[in-house]
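The residues making up each chain are set out below.
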Amino acid sequence: MSSEVTKSSSRLWRATGRTLTGLNPALESVLAGVVGLLAGALLMWIWGYDPWKAYMAMFRGAYGDSYGLASSAARGAPLILTALTFSICVRAGMFNIGAEGQLYMGAIAAVTIGYFTLPSGLHITAGIIFAMIAGAVWSLVPAILKLTRGVHEVISTIMFNWIARFLAFYMVAFILVDPMRGEKTISIPMNARFPILVRGTDLSYSLFAAVLFAIVIYFILWHTTMGYEVRASGFNPKAARYGGIKSKRTMLTSFILGGLAAGLAGATVVMGNPPTYAVISGLPQLMNVGFDGMAVAMVGRNHPIGIIIAALFFGGLTAGGRVMQFYGSNPVPLEMVRIVMGAIVLAMSIPELFRIFPAIKKQGTELFSLLRRLTSRVSHKEGSA
Amino acid sequence: MKRLLGVLVILVLGISLVGMIGLAEGKVAVVLDVGGRGDLSFNDMGFKGTDQAARDFGYEMVEIQCATAADYLPNLRNVARTGEFDLIICVGFLLGDALGTAAEEFPEQKFAIIDVGWITGPNIMNIVYRENEASALVGALGALAAAEYGYDYVGVVLGIEIPVLYHFEAGYRFGIDWGIKKYTEVKGTTPDVGLLYTYTGTFSDITLGKAASEAMLAQGAVAIYNVAGPLGIGDLEAVTEFHDNAGTTFGPPYFFGVDANQDWMGNGLHALASGMKRVDTGCYNAVKAVAEGTFTAGVTSLGLAEGGVGISKMRDLIEFVDFGIGAGAITLLDVPSIVYNWVRNRLTVPGWIWDAVDELEAGILDGSIVVPTADTGNEMAAVRAEYTLGAP
Amino acid sequence: MTESTARAKEKEEQEFFLRAEKITKVYSDGTVALKEATLEIHPSEIIGLLGENGAGKTTLTKILSGLLPPTKGRVISPRGPVRFGSPREALDFGIGMVYQHFALVGTFTAAENVALSHEHPFSTIQLADTKKGLEQLMEESGLHVPLDVPVEKLAVGEQQRVEVLKVLSRDVDLLILDEPTSVLTPLEVNELFALLRRLRKDGKSIIFITHKLKEVGSITDRVVVLRHGEMVGDLKTAGATTEQLARLMVGKAIDVEARAVELTEEELPHRESARVEEMKSGPGILHVENLNARGDTGKIAVEDLSFDVHAGEIFGVAGVEGNGQTELVESLTGLRVPTSGVATINGTNILGKDPREIYRLGVAHIPENRWELGLILPFTLAENAILGVHQWDEFKGPLSFLRRRKINQHVQELMERFEIRATGPSAPAKSLSGGNQQKLIVGRELAKNPDIIVAAQPTRGLDIGSAQYIRDLLVEMRNNGRAILLVSADLDEVLALSDRIAIMYEGRFMTIALPADLDRETIGLLMGGVTAVKEGV
């Protein structure tokens, strides 16, 4: 009896899976988005907010006028880049959680150009290059640890996020600190800032940098031998090896590309976001930009073009979410706004999560056995001591 | 009792309802930084003062929180561009840059900002505090208690190194120094009391507050002064655990609250006093000024004399117990034990010490004592050099 | 019917533990894996299940252990027909299987692994109880493994014992072992056999899958021989001879195009010349000397192999799979680093080089597993068509951009020349049929214009048409003067195509001979590891 039930339910599950995977990806995303919106609406309804009004506010705040659109795009720009960091490595079969730390390093490096004086075009280029190199260097260490010592990248990148965080705290508080204002670093000089694109909004030319970078990554991944090798190793490392591809090199490549992207993201945040153009102590404007990128990557199906769209959507959620807080007679507190955003993003990530589930599972087992080995080593040591 | 309470609640609700219908004529917005609500201190006070003023003067109030620092400017713009708000209050110095930009972009919009004196404009009311005066009182109390009980240090856990916190630190140093001198004068021996201070670099990571406090307590601090908003929760936790481990329930080491009166926290067991900075008063006054048409741009400094800062007294305790109940942190039933614990704890400090603190307060009020302050790193370094307090 | 015969019949019926009746299994791709196989299992009996690769041994045991449902036929117990929906249900009934690839969590201890296999997903694991039970079970069965060491630290033989323990702890009556000795050292084999005999004494039934004739003789009571899904023999071990079993296992040639038919008159002399060249025993295009390599488990898989493959020759390696063929091929194509020896292509050393360098020397590799190695299934046809040659100047433009036009042109050519049926160059490889996928691989490799082609199981799992097409291609390449190393588990294929044949068993060549010099019985014996003919069983 019970086995019958499980059988039929598993059949249903499989059938659903088939139908869903057969869906056109765009339709699938839309469907998932609708499910997320409904879930968010239900939550707001339960806590006594009018979901319809709230969503109207969100939509108007995000896409209702050019101001909303610009705000959405401004918020999306760095997310495009941190999402790329994650996606490039997923394409290579790895989970690089390190965008957050690489982003901090990029931002810190960008700030240092405040100490130089250069002609304006050169100055902004120097900032971008500094930041990208810093991001790449920071991602290189976990990559090298993985290649030479077999350290799992999930662990090392998470650790490096923390190191980066405290290193950035230190740099902000003691090295790059604004002598007049203890709570922030020196500000990026005027001619090294990304010019504002739409007056009266946050949107700067950094959006173009992000989109351009995404397109470059698209061409690298799909139209060069380098990208070919990265994707081949990601899909099937054994076949890649058979095809004469050196997995170590593709790993390194993808980590470096990812680091460059995250570093650039750091630059866009400090060099392209009014009004401060500096890193504030406690990194409140950098915090989570790297992690949010992972969600964007999921929603964007780990494809550069999908990521651009997803990041604009994500930026729209944020920009619209701000408006939900005070719009009309139905203000929704920020906490609830964030819950609703979480529901939408989660729903939209699920299809891609399922798709890369085998990869996740593989990572999980590797991690698990690693942890296990570590603990057993510790206990053995204890035993012998 | 219960029925009385019910009637009271209905009455309050009724009045506020009538008030809203009868008086509502405009809107005020209060914008908080990433710290957000729930700190039972700075941000909550900003909310409290604005809320109270909105009720009293018939405004609709909207509260806006920021998820990240990148939201500051967009949020201010979002609110300002509606053109519906009579006043936008920015609670906290972190909003300063964003306010500067927004105020320029929307010259018709009135803004008020707490703790920022350096960004001014024809439509900005700057409200700043002389935190050094309140901190001096707390520092004197701490130093005298340490001397009395033979502790080596008084401690302070601070947030980020910013001018506002320099005010606190400078005042605290002066107060400790004054306390040591006072003790010498009264008892004839110079006590060996030093200062332990840590800038945690955060206004949000409570665990860092706890860790810093634990380290200070282990070194023999008589009290931990919280100068980092929500981190006080962690500081108090460390003090409470220290007592639990020592098997004591009151007496030293103590906890000093900040901004709000935090004496009621932790059931009133260990919080001896608070260096109050009445953010609520500042916000209230700003709304009041707008309502009464007396809004003036420029810097308003609030100190002991203006009732903007102070060391906590009994009447403050009662007021802020209400505040705690409103925030849902405590219930009405907790009040008697809080008051009892607080009084008992206060009695562990001899009366002459309290008198000495009052003496310092009076001196500051009549201008005979001037508490130093610091706005920049250099000024702070100078104060630190003058009042080294055991540090080389 | 008299009362006594009725009783005898009843007794007999009670005596069997399980009977598989006329089991037929047709896989969804149309492969008939089993044809009306009938097998009766009695208590206290060790049955050897003998057969080549693809004979249906594994399919039969998977059906018995609940992993697969039969297409036709039924499984009967003395109490009536039984149906197993899952391995768990079969286990509950008393049937347990130990697979060749262990299902153990390497970082768990033996006790934890056993506990894990017992529990339902959401229940808490009672490790202490499990351990107590296991200690008792080890006492009773005489099977000892360290319980508190992570199993990855155990030797392979011990790991296998953990697997056996896992199954025994479920109180099974029928234990199925799939090629259990293939991973074991001789000493471990002896220990395993002693254990199996003890279990038999306790009344357990055991099905022992093997292709090693010696083992059949030394451990089993009864031998069941499968060939091409049909049960071709069921006999008492005591009365059987090795030759008889070898003959049954290998059978007579089925109509894979016999090589004689394939060859035209002009080709025959070519064949002769190859032989002459071999007589001269000069070095071939591929020259291998004293090659040694280890398998993934660390066991020696290739032992002291020496051979040459000459231009215009197909050198066939026959043998049951798992006797080192995979490791041999991997060692020669850069996928495995051999422990010692010499291997050269046209005089250039290839050992320790990576695949890309080896391809540059003129090697093409048709891998044995097209899904794992040969293709990247989510990639398009075009992307797969350049795997391994994507760095060649033909396909790589400035800034290492891929030359899409050239690549598509190349794919079109491949599709035409090798009759690959697909919707177009941008169709994903996974959308192709097995035959077309293999043609894509073969086409890609042959288009490299190689000097030597290493072809591992090139026709496995293909329909007859595709298989024949690929065989024809190999012969054509041979006739064009290429050297071909053909490794195949399909004996008929090796016999039909090869100019010389090596029979591989446990990492060694039992012989290298001309096909004409080997009769099928000898081959069967050699594949089963028997060198001395006329050995009694």
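Residues numbered from 1 in each chain as written. Chains lettered and ligands numbered in written order. Predicted model: local features only at pLDDT ≥ 70, side-chain atom pairs only at ≥ 80, totals over all residues. Heavy atoms only, no water.

Caption draft 1: How the structure looks around the overall build of chain A. When helices and strands are tallied, chain A shows 15 helices and two strands. Within chain A, the fraction of its 385 residues that count as buried is 55%. Partitioning the intrachain contacts of chain A with sequence separation of at least 6 by distance along the chain shows that 76% fall at a separation of at least 24. Looking at chain A as shown, the accessible area adds up to about 16,600 Å², and 73% of this sits on carbon and sulfur atoms. (Helix = DSSP H or I, 4+ residues; strand = E, 2+ residues; numbered from the N terminus. Buried < 20%, exposed > 50% of the residue type's maximum accessible area, 1.4 Å probe, protein only. Contact = heavy atoms within 4.5 Å. Areas by Shrake-Rupley, 256 points an atom, 1.4 Å probe, with all protein chains shown as cover.)

Caption draft 2: Quick look at the overall build of chain B. Broken down by element type, chain B carries 13 helices and twelve strands. Computed over the C-alpha atoms, the radius of gyration of chain B is 21 Å, within 12% of the 21 Å expected from 2.2 N^0.38 for a compact globule of 392 residues. Dimensions of chain B, computed from C-alpha atoms along their principal axes, come out at roughly 65 × 55 × 40 Å. Out of the 392 residues belonging to chain B, those deemed buried represent 59%. Taking the contacts inside chain B whose residues are at least 6 apart along the sequence as the reference set, 74% of them involve residues at least 24 apart. Counting only carbon and sulfur atoms, one obtains 58% of the accessible surface of chain B, whose full area is about 14,800 Å². A distance of 5 Å separates the average location of the 23 positive side-chain charges in chain B from that of its 48 negative side-chain charges. (Rg over C-alpha atoms; globule rule 2.2 N^0.38 Å. Lys, Arg positive; Asp, Glu negative; His and termini not counted. Charge placed at Lys NZ, Arg CZ, Asp CG, Glu CD.)

Caption draft 3: Looking closely at the interface of chain A and chain C. Every contact between the two is made by 27 residues of chain A and, on the other side, 39 residues of chain C. Roughly 2,800 Å² of surface becomes buried between chain A and chain C when both sides are summed, with 56% attributable to carbon and sulfur atoms. Put simply, chain A and chain C have four salt bridges between them. A salt bridge links C:Glu372 to A:Lys238; its shortest N-O distance comes to 3.0 Å. (Buried area = accessible area lost by both parts, 1.4 Å probe. Salt bridge = Lys/Arg side-chain N within 4 Å of Asp/Glu carboxyl O.)

Caption draft 4: Structural view of the confidence of the model for chain A. Mean pLDDT over chain A: 87, with 86% of residues reaching 70 or higher. Confidence drops under pLDDT 50 across residues 379-385 of chain A; counting only partners more than four residues distant or on other chains, this segment forms one contact. (pLDDT = per-residue confidence, 0-100.)

Caption draft 5: Broad picture of the domain arrangement of chain B. Residue and element names in this part refer to chain B. Here the domain parsing of chain B yields domain 1 (23-129 + 280-302) and domain 2 (131-277 + 313-386). Centre-to-centre, using C-alpha coordinates, domain 1 lies 29 Å away from domain 2. Contacts between the two partners involve eleven residues from domain 1 and, on the opposite side, 18 residues from domain 2. Summed over both sides, the interface between domain 1 and domain 2 buries roughly 1,400 Å², with carbon and sulfur atoms accounting for 73% of that surface. Area buried by domain 1 at its contact with domain 2 is led by Leu40, Met45 and Tyr129, which between them contribute 42% of it. (Domains from an automatic or database assignment.)

Caption draft 6: View of the interface of chain B and chain A. Facing 34 residues of chain B, the contacting portion of chain A comprises 30 residues. The junction of chain B with chain A conceals about 2,800 Å² of combined surface from both sides, 55% of it contributed by carbon and sulfur atoms. Summed over the shared surface of chain B and chain A, the result is four salt bridges. On inspection of chain B and its partner chain A, the count reaches twelve residue pairs in polar contact (both at pLDDT 80 or more). Elements supplying a minimum of two residues to the side of chain B that touches chain A: β2 (59-64), α3 (72-82) and α4 (96-105) of chain B. No other element matches the eight residues that α3(B) contributes to the side of chain B that touches chain A. (Polar contact = N/O pair within 3.5 Å; in protein donor to acceptor, adjacent residues only side chain to side chain.)

Caption draft 7: Region of interest: the sheet that holds β2(B). Residue and element names in this part refer to chain B. Sheet architecture is open: six strands sit in the order β2-β1-β3-β4-β5-β11, paired in parallel fashion. Two strands close off the open sheet at either side, each with one partner strand: β2 and β11 (298-302). For this sheet, the mean inter-axis angle between neighbouring strands, taken without regard to orientation, is 20°. Pairing of strand β5 (residues 124-129) with β11 involves five bridges; the strand directions are parallel. If you follow asparagine 126 over to β11, its bridge partner there is valine 299. (Pairing = 2+ DSSP bridges. Axes fitted to C-alpha atoms, helices over the stretch in contact; angles between N-to-C directions.)

Caption draft 8: Quick look at a nonpolar patch on the surface. Side chains of A:Ile215, A:Phe219, A:Ile305, A:Ile309, C:Leu399 and C:Phe401 sit close together on the surface and give an oily, nonpolar patch of about 560 Å² of accessible area. Elements with a minimum of two residues in the nonpolar patch: α8 (206-223) and α13 (304-324) of chain A. With respect to the secondary-structure elements, A:Ile215 resides in helix α8. (Patch = residues over 30% accessible without salt bridge, like charges linked within 9 Å, V, L, I, M, F, W, Y side chains within 5 Å.)

Caption draft 9: The pairing of strand β8 (residues 205-210) of chain C, seen in detail. Residue and element names in this part refer to chain C. Counting buried positions along β8 gives six out of six residues, so the element sits mostly inside the fold. In β8, alternate side chains face the same way, and those of Ser205, Ile207 and Ile209 on one face and Ile206, Phe208 and Thr210 on the other are all buried. Taken together, the six bridges between strand β3 (residues 45-50) and β8 define a ladder with parallel strand orientation. Residue pairing in the sheet places leucine 50 in a bridge with threonine 210 of β8.

Caption draft 10: Inspection of a negative patch on the surface at higher detail. Among the surface-exposed residues, C:Asp393, C:Glu394, C:Glu413 and C:Glu416 lie close enough to one another that they form a single negatively charged patch. Within the secondary structure, C:Glu413 is located in helix α16 (residues 404-417).

Caption draft 11: Structural detail: the environment of C:Val317. All names here are of chain C. Following the sequence through the fold, valine 317 ends up in strand β13 (residues 313-318). The buried category is assigned to valine 317, whose relative accessible area is 0%. When sequence neighbours within four positions are dropped, the list of residues in contact with valine 317 reads Gln325, Leu485, Leu486, Val487, Ser488, Val494, Ala502, Met504 and Phe509.

Caption draft 12: Here's a closer look at unusual backbone geometry. Here A:Pro274 and A:Pro275 are connected by a cis peptide whose omega angle stands at 5°. Topologically, A:Pro275 is positioned in the loop between α11 (247-272) and α12 (289-299). The omega torsion across B:Pro252 and B:Pro253 is -5°, close enough to zero to call that bond cis. Unlike most non-glycine residues, A:Tyr277 shows phi in positive territory, near 50°. With respect to the helices, strands and loops of the structure, A:Tyr277 is situated in the loop between α11 and α12. A positive phi angle, near 60°, is found at C:Leu399, a position not held by glycine.

Caption draft 13: Fine view of the packing of α12(A) against α13(A). All names here are of chain A. Closest axis-to-axis distance for the α12/α13 pair is 8 Å, and the angle between their directions is 125°. One way to sum up the angle between α12 and α13 is to call them oblique. With respect to the hand of their crossing, α12 and α13 are arranged in right-handed fashion. Of the residues in α13, those touching α12 at Asp292, Ala295, Val296, Ala297 and Val299 are Ile307, Ala310, Ala311 and Phe314. Here the residues of the contact of α12 with α13 sort into eight nonpolar, no polar and one charged. (Parallel < 35°, antiparallel > 145°, perpendicular 65-115°, else oblique. Left-handed = near helix turned anticlockwise from the far one by under 90°. Nonpolar A, V, L, I, M, F, W, Y, C, P; charged D, E, K, R; others polar.)

Caption draft 14: Focus on the packing of helix α6 (residues 120-149) of chain A against helix α7 (residues 153-175) of chain A. Residues and elements named next belong to chain A. Close contact between α6 and α7 brings their axes to 9 Å; oriented N to C, the two are set at 150°. By the criterion of interaxial angle, the relationship of α6 to α7 is roughly antiparallel. α6 and α7 meet at a crossing whose hand is right-handed. Between α6, through Trp138, Val141, Pro142, Leu145 and Lys146, and α7, the contact on the second element is made entirely by Glu153, Ser156, Thr157, Phe160, Ile163, Ala164 and Leu167. Tallied by class, the residues present in the contact of α6 with α7 amount to eight nonpolar, two polar and two charged.

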